[in-house]
Amino acid sequence: MFKKAVFLFLIFLVMACEKREKPQVSIIPRPEKYWVSSNTINFDRKTRIIYEDPNPALRLMADDLALQIGKHAAFTPEVVALSQAKSIGNDITLTINLADSAYGNEGYKMEHNGMKFLSIQANNAKGIFYGIQSFLQLLPSVGVEKPDEIVLPSIYIEDKPRFSYRGMHLDVGRHFFPVSFVKQYIDLMAMYKFNTLHWHLTEDQGWRIEIKKYPKLTEVGAWRDKTIVGHQVNENKVFDNLRYGGFYTQEEIREVVDYAALKQITIIPEIEMPGHSLAALAAYPEMGCSGGPYQVAGEWGVFDDVYCTKEQTFTFLEDILTEVIGLFPGTYIHIGGDEVPKTRWKNCPSCQKRMKSEKLKTEQELQSYFVRRIEKFLASHNRRIIGWDEILEGGLAPEATVMSWRGITGGIDAAQMGHDVIMTPGDVCYFDHYQGDSDHEPLAIGGLTKVSEVYAYEPVPEELSPNRFKYILGAQANVWTEYLTKPEDVTYMVLPRMAALSEVVWSPKEKREWSAFYKKLPYHFALYKEMGLHYSQSVNNLYFRIKLDENKVNQLNIETEIPDAVIRYTTNDSMPSVNSKKWIKALPAEEVNTIHAAAFIDGKQIGEVFSKTISK
Ligand code: ACM
Ligand code: ZN
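Rules and cut-offs
- Residues numbered from 1 in each chain as written.
- Chains lettered and ligands numbered in written order.
- Predicted model: local features only at pLDDT ≥ 70, side-chain atom pairs only at ≥ 80, totals over all residues.
- Heavy atoms only, no water.
- Donors = N, O, S within 2.8 Å, 3.2 Å for Na, K, Ca; no water.
- Tetrahedral: all angles 85-135°; square planar, octahedral: opposite > 155°, others 65-115°.
- Helix = DSSP H or I, 4+ residues; strand = E, 2+ residues; numbered from the N terminus.
- Phe/Tyr/Trp six-rings, centres within 6.5 Å; stacked < 30°, edge-to-face > 60°.
- Buried < 20%, exposed > 50% of the residue type's maximum accessible area, 1.4 Å probe, protein only.
- Contact = heavy atoms within 4.5 Å.
- Pairing = 2+ DSSP bridges.
- Axes fitted to C-alpha atoms, helices over the stretch in contact; angles between N-to-C directions.
- Parallel < 35°, antiparallel > 145°, perpendicular 65-115°, else oblique.
- Left-handed = near helix turned anticlockwise from the far one by under 90°.
- Nonpolar A, V, L, I, M, F, W, Y, C, P; charged D, E, K, R; others polar.
- Polar contact = N/O pair within 3.5 Å; in protein donor to acceptor, adjacent residues only side chain to side chain.
- Expected span 1.5 Å × (residues − 1).
- Salt bridge = Lys/Arg side-chain N within 4 Å of Asp/Glu carboxyl O.

(A) Geometry of the coordination of the zinc ion (ligand 2). Coordination of the zinc ion (ligand 2) by the protein is provided by Cys289 (SG), Cys308 (SG), Cys348 (SG) and Cys351 (SG), with metal-donor distances spanning 2.2 to 2.4 Å. Coordination at the zinc ion (ligand 2) comes from four donor atoms whose angles at the metal span 107 to 113°, giving a geometry best classed as tetrahedral. Mapping the donors of the zinc ion (ligand 2) onto the primary sequence gives the spacing C-x18-C-x39-C-x2-C. A residue pair is termed long-range when its members are at least 10 positions apart, and cysteine 289 in the loop between helix 7 (278-283) and helix 8 (311-327) and cysteine 351 in helix 10 (residues 349-357) qualify at 62 residues.

Structure follows, in structure tokens:
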């Protein structure tokens, strides 16, 4: 304690004496506490990475860190075991001797010791990994000329996450993404300190995981004959008539699971049931109520054909889950449970018989019976289930964790009942939504979820009693891929929204500040560029919103996410300038024909001019 106080005092003294401005630190998610001075840490050819041995995980992290530094500098640091390092110079040390429970399982401390070497300390390797992620975000951009010396701001960090569950989801059912991309997605998650990948592996439009006992799941279920083109606007559907599909072999699944583990990420596989199962039914029609035939879906939506509740289906699903358990070492298996029409069950003798024998009054209760049975099976293999919030209907399975997607009500109800909850409310956590004016964005499913809206999200609902807060494990963004056909479509939708979410789930609530986050974005945009990733800069665009007011008059508003920006506009077809009228408040849309607007800071235009013509 005393040592820490002295150290902080010294930092304060150093900072007080400094006249130079402190450099911008752009670490996302914002560390819990950090101090930066205009002193520097210098690394050069003599710099080594010293890791506490014997610890194979730390060794791997040290090797990777050396490699990453080598991308930015004309040198690659030598990696040395602590037991072999005779002295310490301007090195980086990775040690797990922190012995401070306040940092938990994932926290770390980074210190510029004696203004000489940089230490990253944690209670275990996980914490070191997150310390390294922060360190990497201190590095300058990769230039053409690699420097002989890397000069970083002197920094002190104490950091740990706010939530234990920090998730990103990826739907590979609607469109299939190769292993190489799933790994890249995992890299991005790791960079932002997410620890859970929810891998949505089965859908109406494709079954994506090899199951040895049921080969037709991938021979038949992984392929569709056609895909609907664009948004369906009327009854006339347009299809491409192209065979489309793909799946992961079990070997590939293991490869991804192992890769994720190196990045401290657990994968939760989702095997959807009883709905969103048309692809499986196309392969094994006997698992449906009518017996089929069924086809792998070529369009989006919710389909009436779901798994039948006869005994044979449970055997089938348990066999599948047995293989899934063997591939995924994590505790959780996601069993879906969302959007299950009860039409077929109502008319199926087997399902009705089941309801009678189990004394179930409604088809909702039959769904609940379905989920409970699967939960029991998984529990007998020491696994726990997660399901979408529909699993609350008809009675929640005893140990289930609920993923709240239809708003936050499901999450609140489940937490009040003492169930664990992961918040993924559609309005802020669905990254398949537009992130700007749809006229300026690639085709998306709909909706609008701006980066600043993601950033403002608070996962613990106000309505929840404080003694239930602990049941909110964290939050997750969902990336549904009906309209995302290629890896670059996915990166465009998640970058930078996942950066915003990372602060929601990692950083202290009271230290989150949109303007500070916004200032860090240019550094991250440069990182994405370096990585060759397609990303969105729509955060710098203006947004025209037309809304009915309380008098039922359409009001036009222009919104900007740029902190402290002033919007100036014209209605006479001239381009806006610093002298144009300032946008103060909404105008009746009726009064506007064509409007041109732009954002200005300190009299300087930021970004492009955006225009809107109101159709009358
Ligand atoms: C969902 O979006 N159907 C969970
Ligand atoms: Zn049935």
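Here the narrative resumes.
(B) Region of the structure containing the packing of aromatic side chains. Taken as a whole and assessed by the stated rule, the structure comprises 28 aromatic pairs. Between the aromatic rings of tryptophan 388 and tryptophan 480, the centroid separation amounts to 5.7 Å while the plane-to-plane angle is 45°, which identifies the pairing as tilted. Residue tryptophan 388 is located in strand 16 (residues 384-388), and its partner tryptophan 480 is located in the loop between strand 21 (472-477) and helix 15 (487-494); the two are separated by 92 residues in the primary sequence. Its relative accessible area of 0% is what places tryptophan 388 among the buried residues. Through a chain of ring-to-ring contacts, three or more aromatic side chains come together here, namely Phe176, Trp199, Tyr248 and Phe328.

(C) Structural view of the environment of leucine 281. Tracing the sequence through the fold places leucine 281 in helix 7. In this structure, the C-alpha to C-alpha distance between leucine 281 and aspartate 204, residues 77 residues apart in sequence, is 8.8 Å. Not counting chain neighbours up to four residues away, the residues in contact with leucine 281 comprise Met287, Gly288, Tyr294, Asp305, Val306 and Tyr307.

(D) Structural view of the environment of isoleucine 186. Take isoleucine 186: it is sitting in helix 4 (residues 179-191). Along the sequence, isoleucine 186 and tyrosine 518 sit 332 residues apart, while their C-alpha atoms lie 24 Å from each other. Apart from the residues within four sequence positions on either side, isoleucine 186 is in contact with Leu197, Val256, Tyr259, Ala260, Lys263 and Ile265.

(E) Structural detail: the pairing of strand 6 (residues 117-122). Counted residue by residue, strand 6 has six buried out of six residues, so it is predominantly covered. By the alternation rule, side chains of strand 6 split into Phe117, Ser119 and Gln121 and Leu118, Ile120 and Ala122, which are all buried. When strand 4 (residues 92-95) meets strand 6, the two strands line up parallel, connected through four bridges. Bridge pairing links leucine 94 to isoleucine 120 in strand 6. Pairing analysis gives six bridges linking strand 5 (residues 108-113) to strand 6, with the strands arranged antiparallel.

(F) Highlighting the packing of helix 4 against helix 15. At a minimum axis separation of 11 Å, helix 4 and helix 15 run at an interaxial angle of 15°. Comparing their axes, helix 15 and helix 4 come out roughly parallel. Crossing of helix 4 against helix 15: the hand is right-handed. Residues Phe181, Tyr185 and Leu188 of helix 4 pack against Pro487, Val490, Thr491 and Val494 of helix 15. Of the residues contributing to the contact of helix 4 with helix 15, the split by class is six nonpolar, one polar and no charged.

(G) The arrangement of the pairing of strand 5 in detail. Most of strand 5 is tucked away, with five of its six residues classed as buried. Here strand 5 folds back onto strand 6 in antiparallel fashion, the turn holding three residues, of which glycine 114 has a positive phi close to 50°. Relative to strand 7 (residues 150-159), strand 5 is paired through three bridges, and the arrangement is antiparallel. Paired with methionine 110 across the two strands is isoleucine 157, which belongs to strand 7.

(H) Seen up close, the side chain of glutamine 264. Assignment of secondary structure puts glutamine 264 in the loop between helix 6 (250-262) and strand 14 (266-273). The exposure class assigned to glutamine 264 is buried, which follows from its relative accessible area of 14%. A polar contact of 3.4 Å, which involves the side chain of glutamine 264, links it to the side chain of lysine 126. When sequence neighbours within four positions are dropped, the list of residues in contact with glutamine 264 reads Met61, Lys126, Phe129, Tyr130 and Asn195.

(I) Examining helix 8 more closely. Between its terminal C-alpha atoms helix 8 stretches 25 Å, which fits the 24 Å expected from 17 residues at 1.5 Å a residue. Every buried residue of helix 8 is listed here: Thr313, Phe314, Phe316, Leu317, Asp319, Ile320, Leu321, Glu323, Val324, Ile325 and Leu327.

(J) Geometry of the pattern of salt bridges. For the structure shown, the criterion picks out 31 salt bridges. Here glutamate 106 and arginine 166 are joined by a salt bridge, their closest N and O atoms 2.8 Å apart. Placement of glutamate 106 in the loop between strand 4 and strand 5 and of arginine 166 in strand 8 (residues 165-171) is noted, with a sequence separation of 60 residues between them. Take arginine 166: its relative accessible area is 1%, and that puts it in the buried class. Through salt bridges with shared partners, a single network forms among Asp171, Arg174, Glu203 and Glu482.

(K) Fine view of unusual backbone geometry. With an omega of -5°, the peptide bond running from aspartate 53 to proline 54 counts as cis. Although it is not a glycine, histidine 276 sits at a positive phi angle of roughly 45°. You can see histidine 276 is positioned in the loop between strand 14 and helix 7. The class for histidine 276 is buried, based on a relative accessible area of 4%. Positive phi, normally seen in glycine, also occurs at aspartate 602, with a value near 45°. If you trace the backbone, aspartate 602 turns up in the loop between strand 27 (594-601) and strand 28 (604-613). Note on aspartate 602: relative accessible area 80%, which makes it exposed.

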